[in-house]
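Topology and contacts: notes
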Amino acid sequence: DFFRLSLNRGKEIYTVSDELKHVQCYVTIEQYKKTNVRFSIEADPGIMDCPCPKLIVQPLVENALIHGLEPKKMNGNIWISFKRNDDKIMIRVSDDGAGFTEKSKNANPYEKSGYGLANINERLRMLYGGKGKVELARRDGGGVTASICLPGNIREEHHVSYDSRGRAVYPGRD
């Protein structure tokens with residue numbers, strides 16, 4: 001399922017249910033490697049058929065593991081939630097890890113942070129304009145919460161193709 005969901009026949013959008021299944025597969029793999037991490041996943045049943053860009057949550061879980069929990073070198077928790085908030089879908093990944101360092105708390109999280117956050121933010125911008133975004137915030141009690149806000153009423157299908165440089169080209173977007 002992990003690889004089938006990742007490919008998704010070249011479509012950029014699938015359902016919240018598919019994204020949830022993909023994250024559950026990823027978490028299962030990570031639990032074999034990291035027995036000291038506890039995962040909790042919650043999802044509102046009423047949003048399972050809502051459209052969702054594929055592969056936007058797994059990189060946030062990976063960041064929580066690598067940048068949040070691994071530096072602590074002890075037990076930790078990652079909470080993942082998919083919820084409706086008015087006409088939006090809110091996806092959150094929180095950890096009780098190391099949190100922001102003094103140096104990183106004033107930095108732009110999309111610069112020098114690898115490809116995960118910048119890629120998610122750019123894909124959301126290209127798909128939804130200003131209606132989709134990812135934000136990072138300090139979590140009360142330690143750690144970080146990454147939040148993705150998606151418009152909950154978009155029903156169109158998106159297909160992605162690639163230009164000669166391997167960059168994604170989205171229909172109807174400049």
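Please read all numbers here as calculations on a predicted model, not as lab measurements.

Things to note about the overall build of the chain
When helices and strands are counted, the chain shows four helices and nine strands. For the chain, the N- to C-terminal ordering of α and β elements is α-β-α-β-β-α-β-β-α-β-β-β-β. For the chain, buried positions account for 43% of its 174 residues. For the chain, the proportion of contacts with a sequence separation of at least 24, taken over those separated by at least 6, is 69%. Surface exposure of the chain reaches about 10000 Å², of which carbon and sulfur atoms provide 49%.

Some details on the pairing of strand S7 (residues 144–151)
For a regular strand, the rule is simple: side chains alternate between the two faces of the sheet. In terms of residue burial, S7 counts as a mostly covered element, since eight of its eight residues are buried. The two faces of S7 match: Val-144, Ala-146, Ile-148 and Leu-150 on one face and Thr-145, Ser-147, Cys-149 and Pro-151 on the other face are all buried. Taken together, the seven bridges between strand S5 (residues 88–95) and S7 define a ladder with antiparallel strand orientation. Within S7, the position partnered with Val-93 by the bridge is Ala-146.

Description of the nonpolar core
Of all hydrophobic cores here, the largest spans 34 residues; its most connected members are Val-57, Val-61, Ile-78, Ile-80, Ile-91, Ile-148 and Leu-150. Of all elements in the fold, only helix H2 (16–33), strand S2 (37–43), helix H3 (58–69), strand S4 (76–85), S5, helix H4 (116–128) and S7 reach the threshold of two or more residues within this core. Beyond its immediate chain neighbours, meaning those up to four positions away, Ile-91 contacts Cys-52, Ile-56, Val-57, Ser-81, Phe-82, Ala-146, Ser-147, Ile-148 and Leu-150.

Concerning the packing of H3 against H4
Contact pair H3 / H4: the axes reach a minimum separation of 9 Å and the direction vectors enclose 155°. With respect to each other, H3 and H4 are oriented roughly antiparallel. Both H3 and H4 take part in a crossing whose hand is left-handed. In contact with Pro-59, Leu-60 and Asn-63 of H3, H4 contributes Gly-116, Leu-117 and Ile-120. Its residues assigned to classes, the contact of H3 with H4 comprises four nonpolar, two polar and no charged.

Description of H3
In an α-helix, one turn spans 3.6 residues; hence positions three or four apart end up facing the same way. Taking 1.5 Å per residue, twelve residues should reach 16 Å; H3 reaches 15 Å between its end C-alpha atoms and fits that length. Considered for burial, the residues of H3 that qualify are Gln-58, Pro-59, Leu-60, Val-61, Ala-64, Leu-65, Gly-68 and Leu-69.

Conventions and cut-offs
Residues numbered from 1 in each chain as written. Predicted model: local features only at pLDDT ≥ 70, side-chain atom pairs only at ≥ 80, totals over all residues. Heavy atoms only, no water. Helix = DSSP H or I, 4+ residues; strand = E, 2+ residues; numbered from the N terminus. Buried < 20%, exposed > 50% of the residue type's maximum accessible area, 1.4 Å probe, protein only. Contact = heavy atoms within 4.5 Å. Areas by Shrake-Rupley, 256 points an atom, 1.4 Å probe, with all protein chains shown as cover. Pairing = 2+ DSSP bridges. Core = buried A, V, L, I, M, F, W, Y, C linked by side-chain atoms within 4.5 Å. Axes fitted to C-alpha atoms, helices over the stretch in contact; angles between N-to-C directions. Parallel < 35°, antiparallel > 145°, perpendicular 65-115°, else oblique. Left-handed = near helix turned anticlockwise from the far one by under 90°. Nonpolar A, V, L, I, M, F, W, Y, C, P; charged D, E, K, R; others polar. Expected span 1.5 Å × (residues − 1).

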